[in-house]
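Here's the letter readout for the chains.
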Amino acid sequence: MVECELLSKCGFFKKYSSEKQAACKGFIALYCKGPNMNKCKRKAYRKENGAAPSDDMMPTGSMILN
Ligand code: SF4
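Residues numbered from 1 in each chain as written. Predicted model: local features only at pLDDT ≥ 70, side-chain atom pairs only at ≥ 80, totals over all residues. Heavy atoms only, no water.

(A) Local environment of the overall build of the protein. In terms of regular secondary structure, the protein is built from three helices and zero strands. Computed over the C-alpha atoms, the radius of gyration of the protein is 11 Å, within 12% of the 11 Å expected from 2.2 N^0.38 for a compact globule of 66 residues. Each of the 66 residues in the protein was classed as buried or not, and the buried ones make up 38%. A separation threshold of at least 6 residues defines the contact pool for the protein, and within that pool the share at least 24 residues apart is 47%. Surface summary for the protein: the accessible area is close to 4400 Å², and the carbon and sulfur share equals 55%. Put simply, the protein has 12 plus and 6 minus side-chain charges, and the middle of one group is 3 Å from the middle of the other. (Helix = DSSP H or I, 4+ residues; strand = E, 2+ residues; numbered from the N terminus. Rg over C-alpha atoms; globule rule 2.2 N^0.38 Å. Buried < 20%, exposed > 50% of the residue type's maximum accessible area, 1.4 Å probe, protein only. Contact = heavy atoms within 4.5 Å. Areas by Shrake-Rupley, 256 points an atom, 1.4 Å probe, with all protein chains shown as cover. Lys, Arg positive; Asp, Glu negative; His and termini not counted. Charge placed at Lys NZ, Arg CZ, Asp CG, Glu CD.)

(B) Molecular detail of empty space enclosed by the protein. The full count for this structure, using the stated rule, is one cavity of 30 Å³ or more. When its volume is computed, the largest cavity comes out at roughly 120 Å³. Surrounding the largest cavity, 14 residues form its lining, C4, L6, C10, C40 and R42 being those nearest its centre. For the lining of the largest cavity, the elements supplying multiple residues, two or more each, are α2 (22–32) and α3 (41–49). Looking at which element gives the most residues to the lining of the largest cavity, the answer is α3, with three residues. Looking at the lining of the largest cavity residue by residue, the class counts come to 11 nonpolar, no polar and three charged. (1 Å grid on protein atoms, 1.4 Å probe; cavity = no way out; pocket = protein on both sides within 12 Å on 5 of 7 lines; lining within 4 Å. Points joined across faces, edges and corners; volume = space filled by probe spheres on them. Nonpolar A, V, L, I, M, F, W, Y, C, P; charged D, E, K, R; others polar.)

If you want it as structure tokens, here you go:
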């Protein structure tokens, strides 16, 4: 299975991959382990800023409001 190369250090993945929220599962299937991994806004942010975004930023670029 192809996975995002940042999976092991991605705060979003670490924080939300174990949660039962359907939305996060969907994002993980679509981005982290799916066809949109190179469209991930977290990845783009990291490239632009040289640092990871908040763990609560989703692959779409929107924030999860806790
Ligand atoms: S959220 Fe983005 S950077 Fe993080 S593991 Fe998923 S695809 Fe990779």
